Amino acid sequence: MAWVLLVLAGLLEVGWSIGMKYTDGFTRLVPSVLTGAGIVTSMLLLSYAARSLPIGTAYGVWVGIGAAGAAVLGMAVLGEPVTAARIFFVALLLVAVIGLKATSGH
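Residues numbered from 1 in each chain as written. Predicted model: local features only at pLDDT ≥ 70, side-chain atom pairs only at ≥ 80, totals over all residues. Heavy atoms only, no water.

Enquirer: Explain the overall build of the chain here, please?
Expert: When its secondary structure is counted, the chain shows 4 helices and 0 strands. Each helix and strand of the chain, ordered N terminal to C terminal, gives the series α-α-α-α. The 106 residues of the chain split such that 34% are buried. Sequence-distant contacts, at least 24 apart, represent 69% of the contacts inside the chain between residues at least 6 apart. By element, 76% of the accessible surface of the chain is carried by carbon and sulfur atoms, the whole surface being about 6200 Å². (Helix = DSSP H or I, 4+ residues; strand = E, 2+ residues; numbered from the N terminus. Buried < 20%, exposed > 50% of the residue type's maximum accessible area, 1.4 Å probe, protein only. Contact = heavy atoms within 4.5 Å. Areas by Shrake-Rupley, 256 points an atom, 1.4 Å probe, with all protein chains shown as cover.)

Enquirer: I keep staring at the nonpolar core and nothing clicks. Help me out?
Expert: Soluble globular proteins tend to bury their nonpolar side chains together. One finds Leu 6, Leu 46, Leu 53 and Val 61 to be the most contacted residues of the largest nonpolar core, which totals 15 residues. Within the residue set of this core, elements represented by two or more residues are α1 (2–23), α2 (29–49) and α3 (55–76). (Core = buried A, V, L, I, M, F, W, Y, C linked by side-chain atoms within 4.5 Å.)

Enquirer: I tried to follow the pattern of salt bridges on my own but got confused; where do I start?
Expert: Two side chains carrying opposite charge are able to pair once their charged atoms lie near each other. Tallied over the entire structure, the rule returns 1 salt bridge. Between Glu 80 and Arg 86 there is a salt bridge, with its nearest N and O atoms 3.5 Å apart. (Salt bridge = Lys/Arg side-chain N within 4 Å of Asp/Glu carboxyl O.)

Enquirer: Just checking my understanding: could you explain the UniProt feature "transmembrane region" (unreviewed entry) in the chain for this structure?
Expert: Using the residue numbers shown here, the UniProt feature "transmembrane region" (unreviewed entry) corresponds to residues 33–50, 57–78 and 84–103. End C-alpha to end C-alpha, residues 57–78 measures 30 Å, and it is 91% helix and 0% strand. In the segment residues 84–103, helix accounts for 95% and strand for 0%; the C-alpha atoms at its two ends are 28 Å apart. (UniProt positions renumbered as here; feature names shortened; annotations may be inferred.)

Enquirer: Which parts of the structure should I look at to understand the packing of α2 against α3?
Expert: How two helices sit against one another is set out by the angle between their axes and by the gap between those axes. Running from N to C, α2 and α3 point in directions that differ by 150°, and their axes come no closer than 10 Å. Considering their axes alone, α2 and α3 lie roughly antiparallel with respect to each other. You can see that α2 and α3 cross each other, and the crossing is right-handed. Here Ser 42, Met 43 and Leu 46 of α2 come into contact with α3, specifically with Ala 58, Tyr 59 and Trp 62. Looking at the contact of α2 with α3, its residues break down into 5 nonpolar, 1 polar and no charged. (Axes fitted to C-alpha atoms, helices over the stretch in contact; angles between N-to-C directions. Parallel < 35°, antiparallel > 145°, perpendicular 65-115°, else oblique. Left-handed = near helix turned anticlockwise from the far one by under 90°. Nonpolar A, V, L, I, M, F, W, Y, C, P; charged D, E, K, R; others polar.)

Enquirer: Whenever I open this one, α3 confuses me. Can you help?
Expert: Think of an α-helix as 3.6 residues a turn; residues three or four steps apart then line up on the same face. With 22 residues, α3 extends 31 Å between its outermost C-alpha atoms, agreeing within 8% with the 32 Å of an ideal straight helix rising 1.5 Å per residue. If you check which residues of α3 are buried, you get Thr 57, Ala 58, Val 61, Trp 62, Gly 64, Ile 65, Gly 66, Ala 68, Gly 69, Ala 71, Gly 74 and Met 75. (Expected span 1.5 Å × (residues − 1).)

Enquirer: What's the story with the packing of aromatic side chains in this structure? I'm lost.
Expert: Two measures describe an aromatic ring pair: the distance that separates the ring centres and the angle between the ring planes. Applying the stated rule across the entire model yields 2 aromatic pairs. Ring geometry for Phe 88 versus Phe 89: centroids 5.1 Å apart, planes at 70°, classification edge-to-face. Looking at Lys 101, its charged tip hangs above the ring of Trp 3, at a distance of 4.7 Å from the centre. (Phe/Tyr/Trp six-rings, centres within 6.5 Å; stacked < 30°, edge-to-face > 60°. Lys NZ or Arg CZ within 6 Å of the ring centre and 35° of its normal.)

Encoded structure:
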């Protein structure tokens, strides 16, 4: 169950990081409220997952999912540059996340 919570927390991190783009510096109410709710919920789920997972693993996976997801959505939705180097480094992030999961002992 901890892994499910952690993946959900990571996906919410992707959501709130992309959401910040739409808050216009937290001057737009609805995007700001949704982004804030995503931040809080993501952190809560991370803290629940960290009850039974090593914090280094939990935090690393959470950050990796968030960073990779934000980069992919940035390229796919927000028109950010799609280069071979960016794709390579996103793939490295995903390899690191899988490696942390595989070596966590859980």
